[in-house]
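# Breakdown of the fold
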Amino acid sequence: MSTISTPNGASRRNLLKGVAAAGAGIAAASVSAADAKTPTPTNSGKPTADRLTMKDGTSLYYKDWGSGPAVVFSHGYPLSSDAWEDQMFFLLQNGYRVIAYDRRGFGRSSQPAKGYDYDTFADDLAQLVNALDLRQATFVGHSMGGGEVARYVARHGQSRVAKVAFVSSVTPFLLKTPTNPNGAPKELFDSFRAAVQVDRSQWNLDVTMPYYSFNRPGAKVSGGLRQNYWRQGQATGFLAAYHALGAFSETDFRDDLKKITVPALVVHGSDDQIVPLEISARLTAKLIPQAKLIVYDGGSHGLLHVDKDRLNADLLAFLRG
């Protein structure tokens, strides 16, 4: 999840219900991650069946299925690689090698005391790509993961990149600043950090309603999907859950996106209550020279599941194009 809402709109009120229930008005406390003094492991950079050890000792969990052209998936907040299972299975059946990983601190990866910033996330991704020797791969990022794809290209270039795709992405920049007046105020993200501290479990459950647009009249609510989001969110470590909120809201990806010259697909829902279309995908598509924007009418932030058949078809067409 990349938790943001329109600064003065109804979506913001919906998203903050969980915060209010958990204790509205509580100021976000400053949490500093202690430096981890982890010796560099001797097996750094050597992948096993489902693990890769980063240079600082962090163990990254990943899935690597099939053969053929490689597609690498970066997940959203506060989820894990499990969020991509519908797309991975579909593309696997269509002849692609699919790789997804749990970001440091998320899912089954280890939970270090530091490194919850996009430079580190991108470097972790680069180490995985290099260790698996992926070439001419397509990189797909959902929500927070979109920023990871953009920063990876900016820091590590496009020598291993064939195409990129952004789905409900946090790019280009969410925070309101003098140069980004349409962004959301920092106080909004402070309230999310407060919710993490007060009752993270309840917040992870409450936010599923606007996340999937289950709060809209006539919506078919899936209790199982809500529980699956909650399961993944609770598996994420506390430090990752807290500090990643600052990472995806305060990182400016505008210059990163300008460095992408390979073909790009940008997919977003018109009813995304978490990352509104007008301050994200429309701007992202304008910053990438070879970008194609597809807007799902009425689509939520959770396109991976609610609109999985359409998304799968669009991704396959993009890969084959």
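Residues numbered from 1 in each chain as written. Predicted model: local features only at pLDDT ≥ 70, side-chain atom pairs only at ≥ 80, totals over all residues. Heavy atoms only, no water.

## Here's the deal with the pairing of strand 2 (residues 59-65)
Stated formally: Summary of the burial criterion: residues with accessible area below 20% of their type's maximum are buried, those above 50% are exposed, and those between are partly exposed, where the area comes from a 1.4 Å probe applied to protein chains only. Here a helix means four or more residues in a row that DSSP labels H or I, a strand means two or more in a row labelled E, and each is numbered from the N terminus. Paired strands, in this sense, are two strands between which DSSP finds at least two bridges.
For strand 2, the tally of buried residues reaches five of seven residues, placing the bulk of the element in the interior. Where strand 1 (residues 51-53) meets strand 2, three bridges bridge the pair, whose relative direction is antiparallel. When the sheet's bridge partners are listed, Thr53 is paired in strand 2 with Ser59. Between the antiparallel neighbours strand 1 and strand 2 lie five residues, among them Gly57 with a positive phi of about 95 degrees. Relative to strand 4 (residues 97-101), strand 2 runs antiparallel, the two sharing four bridges. By the bridge assignment, Asp64 is partnered in strand 4 with Ile99.

## So, the side chain of Ser109
Just so we agree on the cut-off: By definition, residues are in contact when any of their heavy atoms lie within 4.5 Å.
Within the secondary structure, Ser109 is located in the loop between strand 4 and helix 4 (118-131). Using a relative accessible area of 4% as the deciding quantity, one classes Ser109 as buried. Not counting residues within four places of it along the chain, the set of residues in contact with Ser109 comprises Arg51, Ser59, Leu60, Tyr61, Asp102, Arg103 and Arg104.

## Some points on the sheet that holds strand 7 (residues 264-269)
Put simply, the rule reads: Axes here refer to lines fitted to C-alpha atoms; in helices the fit is confined to the stretch in contact. Angles between the N-to-C directions go from 0 to 180 degrees.
Within the open sheet, the eight strands sit side by side as 1-2-4-3-5-6-7-8. Their pairing is mixed. Single-partner strands in this sheet number two, and they are strand 1 and strand 8 (291-296). Averaged over all pairs of adjacent strands, the angle between strand axes in this sheet comes to 20 degrees, irrespective of strand direction. Contacts from helix 4 reach strand 1, strand 2, strand 3 (70-74), strand 4 and strand 5 (137-142) within the one sheet, and its direction differs from that of strand 1 by about 115 degrees.

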